[in-house]
Amino acid sequence: MAQERNPNTGGRLSVRANAVGLLMTLLLTAVGVGILVTGAARLTELSDARRRPEVPMTVSSCSTVRTLRLATTTCHGTVPAGPAQLTDASRRFAEGAVVNVHCADDGTCTTAAFRDWAGRAALVGLGLLACGASLTGLLRRGIRLFAPTHDAFLRDPRLTRFAQAYCLVTGLIAAGGYLGHLLT
């Protein structure tokens, strides 16, 4: 196996440094896949909830539980089929307020507001960003290790600027959507 050249000193990187770099990119890939799968599962849940009929829920009480940075509001009330619980409500509703919800057979209900879609889509974007970054790093490392004479295109400044701009824009969109989900 060929060893990678250290661009700063002109010497070769050790096998240990190459192995650590490879493990770090694989770890980032695993984290990205985990975030991507979580976001996709949450989007699927919201999509399934959206297919249920929309019914009016009369709110009888709401409570908010605060953790380190998040606040989760749960409202209890009634729908035509009986008692219901709205988990992760967008805000605290007054007693007697009527909210349109999508309920499951067990009495748990959800609203399908923009903030719900944005937060879940942001998780998917963040997972794609992490997977893309790690797989790009894996490709670069593989080319440098196994085809060191063909890595000239990796030093192209246009490619570097494009990759940085892509990561910045994708990261800002994902972070904005996730922060929008947290703040609303």
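As the structure is a prediction and not an experimental result, all values here were calculated from the model.

A word on the nonpolar core. One broad trend across soluble globular proteins is that nonpolar side chains are buried collectively. Ranked by internal contacts, the top residues of the largest apolar core, which has 13 residues, are Met57, Val59, Cys75, Leu86, Phe93 and Val101. Of all elements in the fold, only strand E1 (54-66), strand E2 (71-79), strand E3 (82-89) and strand E4 (98-103) reach the threshold of two or more residues within this core. Not counting the four nearest positions on each side in its chain, Cys75 is found in contact with Met57, Val59, Ser61, Cys62, Ala84, Gln85, Leu86, Ala89, Arg91 and Phe93.

Here we come to the side chain of His102. The topology assignment puts His102 in strand E4. On the basis of relative accessibility, which here comes to 5%, the residue His102 falls in the buried class. Polar side-chain contacts of His102 include one of 2.9 Å to the backbone oxygen of Arg52. If sequence neighbours within four positions are ignored, His102 has contacts with Ala49, Arg50, Arg52, Pro53, Glu54, Thr108, Cys109, Thr110 and Ala112.

Ordered in space as E1-E2-E3-E5-E4, the 5 strands form a closed barrel in which the pairing is mixed. Averaged over neighbouring strand pairs, the angle between their axes works out to 50 degrees when direction is ignored.

In the predicted model, the chain carries a mean pLDDT of 78, and the fraction of residues at 70 or more is 86%. At the low end of the mean pLDDT range in the chain sits helix H3 (residues 157-183), at 73; at the high end sits E1, at 88.

So, about the state of the cysteines. As enumerated under the stated definition, the model contains 2 disulfides in all. Covalent S-S linkage joins Cys103 and Cys109, the inter-sulfur distance amounting to 1.9 Å. Disulfide Cys103 to Cys109: torsion about the S-S bond roughly 95 degrees, handedness right-handed. Residue classification places Cys109 among the buried residues on the basis of a relative accessible area of 1%. Should the bonded cysteines of the chain be numbered as they appear in the sequence, the pairing reads 1-2, 3-4.

Conventions used here
- Residues numbered from 1 in each chain as written.
- Predicted model: local features only at pLDDT ≥ 70, side-chain atom pairs only at ≥ 80, totals over all residues.
- Heavy atoms only, no water.
- Core = buried A, V, L, I, M, F, W, Y, C linked by side-chain atoms within 4.5 Å.
- Buried < 20%, exposed > 50% of the residue type's maximum accessible area, 1.4 Å probe, protein only.
- Helix = DSSP H or I, 4+ residues; strand = E, 2+ residues; numbered from the N terminus.
- Contact = heavy atoms within 4.5 Å.
- Polar contact = N/O pair within 3.5 Å; in protein donor to acceptor, adjacent residues only side chain to side chain.
- Pairing = 2+ DSSP bridges.
- Axes fitted to C-alpha atoms, helices over the stretch in contact; angles between N-to-C directions.
- pLDDT = per-residue confidence, 0-100.
- Disulfide = S-S within 2.5 Å.

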